[in-house]
Amino acid sequence: MSPAARLRGWKPDWISDPKVWRTEILAGLVVGLALIPEAISFSVIAGVDPAIGLFASFTMAVVISVVGGRRAMISAATGAVALVIAPLNREHGFGYLVAAVILAGVFQVALGALGVAKLMRFVPRSVMVGFVNSLAVLIFMAQVPEMTDVPWAVYPLIAAGLGLMVLFPKITTVVPAPLVSIVVLTAVTIGAAVAVPTVGDKGALPSSLPVPGLPDVPFTLDTLTTIAPYAFAMALVGLMESLMTAKLVDDITDTHSDKTRESVGQGIANIVTGFFGGMGGCAMIGQTMINVKVSGARTRLSTFLAGAFLMVLCIVFGPLVSDIPMAALVAVMVMVSFATFDWHSIAPKTLKRMPAGEIAVMVITVACVVATHNLAIGVVVGSITAMVVFAKRVAHFAEVSAVLDPDGRTVVYRVTGELFFASANDLTGRFDYADDPDRVVVDLSAAHVWDASSVAALDAIETKYAQRGKTVEITGLNAPSADLHGKLTGELAG
């Protein structure tokens, strides 16, 4: 094969498609604009200079566009990460924060290599719906401070921005509606000299690119023990949000992503961000929705350009970007919030058909996220609730029926269903130890033994009959159940 042919085989299909280039470039520009106030706000939460959050958003987006496993997903500085590392910065200083970001990246690379991404299969749909809905609520709630105690002109600007984003796509989809809304509202406020809060009011924008360096901390065991708990918490929160966001983008785009690569990629991006003095980050669901759902981006180019445009806008067009009214960006995020929420999940028709347990899991997930402002906590609590609901439901599927032989000397108990800790606890009470004949057969051909609790329950049944001078024969075990039973029977007595 010639070098030219090999190059053609390596290039993605979209490289030669002008329409895709236009979509990706414009999407990257919109996301880059939306990242600026978010990054500044998260810097305030973490207690660092606004430039730190902007640098983190730049390096995270650029690096993850190359090493990440989910195309078109946006990673940058996030509120969840800021909340985790803010106490470390407050108590020990900025140098320790940077060191924790680098260590968190190392943890993420290790967890990714160990296959932590495979745990995503245990997140049920009801938790995923709750995650999406709570995310939409958080995105909207984050805009509320920008709509309170502000000049009256902010409200018509927000309404006009929303109207533009709803109506403009009916005219053309060549240019993303959010970009049109931002440009028009900025032109109106500058041209009419309307005094409203602007991006520049959030903080000073950086005037130069970040430079690499080592964190200003003593390289000692004491430093490691200080930063390790924060770093590990950041690694877990970042991975959970990133993997959940990747799964959501998979569903929206009907494409598959490499979750293991994404986990390792998040770690690499945080390591690079730490060495460049950034505050770290993870996938950003709001900006990802702008990129994928609102702007229609589908490739790594948009992610890369979001980071690149962020720095260009700050360094080259800083004065102009500073004049963008916050109302324009609030309108964009409100539209994202509305588009993100799964309205079908709360429709009366859906709620009537859904099992009560599924609805409870969704509501608990949303409530935990909204109460804690932490998506990871909501997902964990929701998943645990889903497991409890599932275990309770499956436990009722274990049934026991007794058939007495015509001669009256043998009784056969037929057990059907799944035997595990929840169902096994009731199993021993389903037998008539006093009145059964001397020979008892427990037929498990329609059951499966899953854990030690089930084996202990079978042992207890045998013991109770033996105390009355009766014999028990357990039959019908399938191969895995027989193997587990053979290893544990007789070994579990206290």
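In this report, the structure presented in the accompanying data block is examined. (Residues numbered from 1 in each chain as written. Predicted model: local features only at pLDDT ≥ 70, side-chain atom pairs only at ≥ 80, totals over all residues. Heavy atoms only, no water.)

The next subject is the overall build of the protein. Along the protein, the regular secondary structure elements total 20 helices and six strands. If one aligns the C-alpha atoms of the protein with their principal axes, the spans along those axes are about 100 × 60 × 60 Å. A separation threshold of at least 6 residues defines the contact pool for the protein, and within that pool the share at least 24 residues apart is 84%. Between the averaged position of the 32 positive side-chain charges in the protein and that of its 36 negative side-chain charges there is a distance of 9 Å. (Helix = DSSP H or I, 4+ residues; strand = E, 2+ residues; numbered from the N terminus. Contact = heavy atoms within 4.5 Å. Lys, Arg positive; Asp, Glu negative; His and termini not counted. Charge placed at Lys NZ, Arg CZ, Asp CG, Glu CD.)

Residues Ile190, Val312, Val316, Phe317 and Leu320 make up a contiguous nonpolar surface patch of about 450 Å² in total accessible area. Summarising the element assignment, Val312 is placed in helix α12 (residues 300-315). Judged by relative accessible area, Val312 falls into the partly exposed class, the value being 36%. (Patch = residues over 30% accessible without salt bridge, like charges linked within 9 Å, V, L, I, M, F, W, Y side chains within 5 Å. Areas by Shrake-Rupley, 256 points an atom, 1.4 Å probe, with all protein chains shown as cover. Salt bridge = Lys/Arg side-chain N within 4 Å of Asp/Glu carboxyl O. Buried < 20%, exposed > 50% of the residue type's maximum accessible area, 1.4 Å probe, protein only.)

Along the polypeptide, Thr253 turns up in helix α9 (residues 221-253). A distance of 2.7 Å separates a polar atom in the side chain of Thr253 from the backbone oxygen of Val249. At 2.6 Å, the side chain of Thr253 forms a polar contact with the side chain of Thr255. Excluding residues within four positions of it along the chain, Thr253 makes contact with Arg70, Val292 and Arg298. (Polar contact = N/O pair within 3.5 Å; in protein donor to acceptor, adjacent residues only side chain to side chain.)

Overall, the coordinates contain six salt bridges when judged by the stated rule. Between Asp443 and Arg414 there is a salt bridge, with the nearest N and O atoms lying 3.1 Å from each other. Of this pair, Asp443 sits in strand β5 (residues 439-449) while Arg414 sits in strand β4 (residues 410-419), and the two are 29 residues apart along the sequence.

So, on to the environment of Ile285. Inspection of the secondary structure puts Ile285 in helix α11 (residues 285-294). Ile285 has contacts with Leu135, Thr245 and Leu248, leaving out every residue within four places of it along the chain.

Here helix α8 (residues 177-191) crosses helix α14 (residues 326-340) at 160 degrees, and the two axes come no closer than 9 Å. As far as their axial angle goes, α14 and α8 are roughly antiparallel. Between α8 and α14 the crossing geometry is right-handed. Contact with α8, carried on its side by Pro178, Ile182 and Leu185, involves Ala328, Leu329 and Val332 of α14 and no other residues of that element. Class assignment of the residues belonging to the contact of α8 with α14 gives a composition of six nonpolar, no polar and no charged. (Axes fitted to C-alpha atoms, helices over the stretch in contact; angles between N-to-C directions. Parallel < 35°, antiparallel > 145°, perpendicular 65-115°, else oblique. Left-handed = near helix turned anticlockwise from the far one by under 90°. Nonpolar A, V, L, I, M, F, W, Y, C, P; charged D, E, K, R; others polar.)

Sheet topology note: the strand β3 (residues 399-404)/β4 ladder contains six bridges and is antiparallel. Bridging across to β4, Val403 finds its partner in Val412. Between β3 and β4, which pair antiparallel and follow one another directly, the connecting turn spans five residues, one of which, Gly408, has a positive phi of 75 degrees. (Pairing = 2+ DSSP bridges.)

For the rest of this paragraph, the subject is the pairing of β4. With nine bridges joining them, β4 and β5 adopt parallel strand pairing. Bridge pairing links Tyr413 to Val442 in β5. Crossover β4 to β5 through helix α18 (residues 421-427) is right-handed. (Right-handed = clockwise from strand over helix to strand, strands pointing away.)

So, on to the packing of aromatic side chains. This model, assessed by the stated rule, comprises eight aromatic pairs. Ring geometry for Phe341 and Trp343: centres 4.6 Å apart, planes at 45 degrees, overall tilted. Judged by relative accessible area, Trp343 falls into the partly exposed class, the value being 44%. Taken together through their ring pairs, the aromatic side chains of Tyr413, Phe431, Tyr433 and Tyr465 make up a single cluster. In this arrangement the basic side chain of Lys464 is found over the ring face of Tyr433, its NZ or CZ atom lying 5.7 Å from the centre. (Phe/Tyr/Trp six-rings, centres within 6.5 Å; stacked < 30°, edge-to-face > 60°. Lys NZ or Arg CZ within 6 Å of the ring centre and 35° of its normal.)

A word on unusual backbone geometry. Despite not being glycine, Asp149 has its phi angle at roughly 55 degrees, a positive value. Position of Asp149 among the secondary structure elements: in the loop between α6 (125-143) and α7 (154-171). Of note, Ala193 is a non-glycine position whose phi angle comes to about 55 degrees, a positive value. Within the fold, Ala193 resides in the loop between α8 and α9. Its relative accessible area of 65% is what places Ala193 among the exposed residues.

What follows covers α12. With 16 residues, α12 extends 23 Å between its outermost C-alpha atoms, agreeing within 8% with the 22 Å of an ideal straight helix rising 1.5 Å per residue. Looking only at α12, the buried set comprises Leu301, Ser302, Thr303, Leu305, Ala306, Gly307, Leu310, Met311, Leu313 and Cys314. Backbone nitrogen of Leu301 and a side-chain oxygen of the N-cap are separated by 3.2 Å at the start of α12; the cap is Thr299. (Expected span 1.5 Å × (residues − 1).)

Working definition: the covalent bond between the sulfur atoms of two cysteines is a disulfide. The final tally for this structure, using the stated rule, is zero disulfides. Distance from the sulfur of Cys282, which forms no disulfide, to the nearest cysteine sulfur (Cys368) is 19 Å. Take Cys282: its relative accessible area is 0%, and that puts it in the buried class. Cys314 carries a free sulfur, and the closest cysteine sulfur to it, the one in Cys282, is 20 Å from it. (Disulfide = S-S within 2.5 Å.)

Moving on to the packing of α6 against α9. In the contact formed by α6 and α9, the axes pass within 11 Å of each other and the chain directions differ by 100 degrees. The orientation of α6 with respect to α9, classified from their angle, is roughly perpendicular. On the side of α6, the interface is formed by Met128, Phe131 and Val132, while α9 contributes Met244, Thr245, Lys247 and Leu248. Partitioned by chemical class, the residues of the contact of α6 with α9 number five nonpolar, one polar and one charged.

Here the focus is the nonpolar core. Inside soluble globular proteins, nonpolar side chains tend to come together where they are buried. If you look at the biggest cluster of nonpolar residues, it comprises 105 residues, and the most contacted ones within it are Ile36, Leu54, Met279, Ile290 and Leu310. For Ile290, the contacting residues outside a window of four places in its chain are Val30, Val31, Ala34, Ser295, Val332, Met333 and Val336. (Core = buried A, V, L, I, M, F, W, Y, C linked by side-chain atoms within 4.5 Å.)

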